[in-house]
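Observations on the three-dimensional arrangement
In case you want the letters, here they are:
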Amino acid sequence: MVSDIAYKKMLWHSRRGMWELDILLLPFAENVLHSLEPAEQQLYERLLEEEDQDLFACLVERATHPDPAIQSLVVRIREYAASGVRRPH
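We now turn to the structure provided with this report. (Residues numbered from 1 in each chain as written. Predicted model: local features only at pLDDT ≥ 70, side-chain atom pairs only at ≥ 80, totals over all residues. Heavy atoms only, no water.)

1. Quick word on the overall build of the chain
Of the regular secondary structure elements, the chain holds 5 helices and 0 strands. Tracing the chain from N to C terminus, the helices and strands come up as α-α-α-α-α. A compact globule built from 89 residues should have a C-alpha radius of gyration of about 12 Å, and the chain, at 12 Å, falls within 12% of that. Judged by the C-alpha coordinates and their principal axes, the chain covers about 35 × 30 × 25 Å. In the chain, which comprises 89 residues, the share counted as buried stands at 44%. (Helix = DSSP H or I, 4+ residues; strand = E, 2+ residues; numbered from the N terminus. Rg over C-alpha atoms; globule rule 2.2 N^0.38 Å. Buried < 20%, exposed > 50% of the residue type's maximum accessible area, 1.4 Å probe, protein only.)

2. A look at helix 1 (residues 4–13)
Those residues of helix 1 not exposed but buried are Ala-6, Tyr-7, Met-10 and Leu-11. Within helix 1, the buried residues cover an arc of 135° as seen down the axis, which keeps them to one side. Those residues of helix 1 that are exposed and aimed more than 90 degrees away from the buried face are Ile-5, Lys-8, Lys-9 and Trp-12. As for helix 1, its buried residues are in contact with helix 2 (19–31) and helix 3 (38–48). (Arc of directions from axis to C-beta. Contact = heavy atoms within 4.5 Å.)

Below you can see the structure in the form of structure tokens.
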């Protein structure tokens, strides 16, 4: 399990320069990140290293991430967003 400090860092880095990314990443990070396996949490950290435009392209299916493991996580984030779960305001 990720430490509280690492979780907060990933949550903070899930806030991006694009509102569209925020609405895809923040609910996933707030509600799912803690339940991911440690290897998946590391993948999420790697995903957050992507440039906003590249990340957005993957999340809206304009591109496929070259790393199949990260692409699998992208699909999970997309599916979570499509499930209708919204970030509480």
